[in-house]
Amino acid sequence: MASKLVWEQIGAGFVQHYYQQFDSDRTKLADLYTDASCLTWEGVGFQGHKAIMEKITSLPFQSIQHSITAQDHQPTPDSCVMSMVMGQLKADTDQVMGFQQTFLLKNVDNKWICTNDMFRLALHNFGA
Amino acid sequence: MASKPVWEQIGAGFVQHYYQQFDSDRTKLADLYTDASCLTWEGVGFQGHKAIMEKITSLPFQSIQHSITAQDHQPTPDSCVMSMVMGQLKADTDQVMGFQQTFLLKNVDNKWICTNDMFRLALHNFGA
C-alpha cells in the first residue's frame, strides 16, 4: 500500500493533534499559533497569538468533544498545507452540532504552525 | 460605514463569480484554474487545469443552483486569500443538500486564480 502523500500526513497529523488538544486542554493550542496567525470564529476575526488564545480559552463550555466525519488536505504553491475538516461536536450537555473548519499550515523553523483558521457551526445545512 | 478589508472584497468577489459561473455555465470556470491548481472533490483529488475541468464539466447533473449561507475570508502570510464557504445546493430534481467548500486564491499576473479548491457535501452533519 502506498504511503500517504506527505501533505496528507502533515495535515492529518495536525488535525488529530488539534482536536485532541482542544478537547482535553485547549490552552495547549498556544503552540500552534503565532503573531502572524488569523482566526475567524463564527464570522468574527481574531488576529495574532494573544487575541486567538483569549478567544479559544474563553469559549463558554466546560467540556467539549469533537468527532471528525471527513478531512481533506492539499499542498499549496507556497509550500503550505491546506486542510478542510467536517465533523460534529458536543459541548457540555448541548445537542450534537455539525461544524466545518479550515486550516492553513506553514512550516516555520521546522515546526508546522497554523497561520489561518476558520471555524463555523453547520447550523444551516439540511444534508441528510 | 467602514469599507471591507481588501481580502474580503477579493474573496467575496471570487465566491460570487465562481458560483454564478458554476450555476450558469461551468465550462467558464476554466479561467480560474491553472496547471498549479488542485481540486479535491468529495475526497478525490484532481491535479492541474485539464483534470480539474474534466471533473467539473463531467459532473452528472443538468442544472444546479448554489445558495451561500456563510462565507469567511482571510489574508495568508504569502499574500493569498483563503475563503471558506458554507451553503446549500440543488441539482436537477434532487433534494436540497448542504455543502462546504474552501478556496485558496493567488494573484498571478494581476489576476486572482484558484490554486486550491476543496468541496464536500455536508452529508453527516446534524446541525439544526
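Residues numbered from 1 in each chain as written. Chains lettered and ligands numbered in written order. Predicted model: local features only at pLDDT ≥ 70, side-chain atom pairs only at ≥ 80, totals over all residues. Heavy atoms only, no water.

1. Side note on the overall build of chain B
When you go through chain B residue by residue, the secondary structure sums to 2 helices and 6 strands. The order of α-helices and β-strands along chain B, N terminus first, is α-β-β-α-β-β-β-β. For 128 residues, the compact-globule estimate of 2.2 N^0.38 gives 14 Å, and the C-alpha radius of gyration of chain B, at 15 Å, lies within 12% of that figure. In terms of its C-alpha atoms, chain B occupies a principal-axis envelope of roughly 40 × 40 × 25 Å. (Helix = DSSP H or I, 4+ residues; strand = E, 2+ residues; numbered from the N terminus. Rg over C-alpha atoms; globule rule 2.2 N^0.38 Å.)

2. Description of the packing of aromatic side chains
Residues and elements named next belong to chain A. This model, assessed by the stated rule, comprises 22 aromatic pairs over all chains. Pairing Y18 with Y19 gives two aromatic rings, centres 4.8 Å apart and planes at 80 degrees, and the pair type is edge-to-face. Of the two residues examined, Y18 and Y19, each falls in the buried class. Look at W41 and F119: their rings are 4.0 Å apart centre to centre, the planes differ by 15 degrees, and that puts the pair in the stacked class. Of this pair, W41 sits in strand 1 (residues 38-41) while F119 sits in strand 6 (residues 111-121); the two residues are 78 residues apart in sequence, bridging distant segments of the chain. (Phe/Tyr/Trp six-rings, centres within 6.5 Å; stacked < 30°, edge-to-face > 60°. Buried < 20%, exposed > 50% of the residue type's maximum accessible area, 1.4 Å probe, protein only.)

3. So, the UniProt feature "domain: NTF2" (unreviewed entry) in chain B
Per the UniProt record, "domain: NTF2" (unreviewed entry) is found at residues 10-121 of chain B. Within the segment residues 10-121 of chain B, helix and strand shares are 21% and 48% respectively, and the terminal C-alpha atoms sit 25 Å apart. (UniProt positions renumbered as here; feature names shortened; annotations may be inferred.)

4. Section: the sheet that holds strand 6 of chain A
Hydrogen bonds between backbone groups are what pair the strands of a sheet, and the pairing can be parallel or antiparallel. Residues and elements named next belong to chain A. Strand order in the open sheet formed by 6 strands is 2-1-6-5-4-3, and the pairing between neighbours is mixed. A single partner strand is all that each edge strand has here, and the edge strands are strand 2 (44-47) and strand 3 (64-75). With strand direction ignored, the average angle separating the axes of adjacent strands in the sheet is 20 degrees. Here strand 4 (residues 81-91) pairs with strand 5 (residues 97-108) via 9 bridges, running antiparallel. (Pairing = 2+ DSSP bridges. Axes fitted to C-alpha atoms, helices over the stretch in contact; angles between N-to-C directions.)

5. A short note on the pattern of salt bridges
Scanning all chains against the criterion turns up 8 salt bridges over all chains. One salt bridge connects A:K28 with A:D25, and the closest N-O pair in it is separated by 2.9 Å. In this structure, A:R120 and B:D72 form a salt bridge, with 2.7 Å as the shortest nitrogen-oxygen distance. On the criterion of chain membership, the pair formed by A:R120 in strand 6 and B:D72 in strand 3 (residues 64-75) is interchain, its members lying in two chains. Taking the relative accessible area as the measure of exposure, A:R120 reaches 17% and is therefore buried. (Salt bridge = Lys/Arg side-chain N within 4 Å of Asp/Glu carboxyl O.)

6. Overview of the interface of chain B and chain A
Taken together, the 46 residues of chain B in the interface contact 46 residues of chain A. Of the roughly 3800 Å² buried between chain B and chain A, counting both surfaces, carbon and sulfur atoms make up 58%. The tally of links between chain B and chain A comes to 4 salt bridges. Its salt-bridge partner being A:D72, residue B:R120 comes within 2.7 Å of it at the nearest N-O pair. Counting across the interface, chain B meets chain A through 15 residue pairs in polar contact (both at pLDDT 80 or more). Elements with a contribution of two residues or more to the side of chain B that touches chain A: strand 1 (38-41), strand 3, strand 4 (81-91), strand 5 (97-108) and strand 6 (111-121) of chain B. (Contact = heavy atoms within 4.5 Å. Buried area = accessible area lost by both parts, 1.4 Å probe. Polar contact = N/O pair within 3.5 Å; in protein donor to acceptor, adjacent residues only side chain to side chain.)

7. Thoughts on the pairing of strand 2 (residues 44-47) of chain B
All names here are of chain B. As paired elements, strand 1 and strand 2 share 4 bridges and run antiparallel to each other. The residue of strand 2 that forms the bridge with C38 is Q47. The loop that links strand 1 with its antiparallel partner strand 2 comprises 2 residues; one of these, E42, has a positive phi angle of about 50 degrees.

8. Quick notes on the state of the cysteines
Evaluated as defined, the whole model comprises 0 disulfides over all chains. A:C80 takes part in no disulfide bond, and the closest cysteine sulfur, belonging to B:C80, lies 8.1 Å away. Between B:C38, a free cysteine, and B:C114, which holds the nearest cysteine sulfur, the sulfur-to-sulfur gap is 9.5 Å. For B:C38, a relative accessible area of 9% translates into the label buried. (Disulfide = S-S within 2.5 Å.)

9. Observations regarding the UniProt feature "domain: NTF2" (unreviewed entry) in chain A
Mapped onto this numbering, the UniProt entry annotates "domain: NTF2" (unreviewed entry) at residues 10-121 of chain A. Between the C-alpha atoms that bound residues 10-121 of chain A there is a distance of 25 Å. The span itself is 22% helix and 48% strand.

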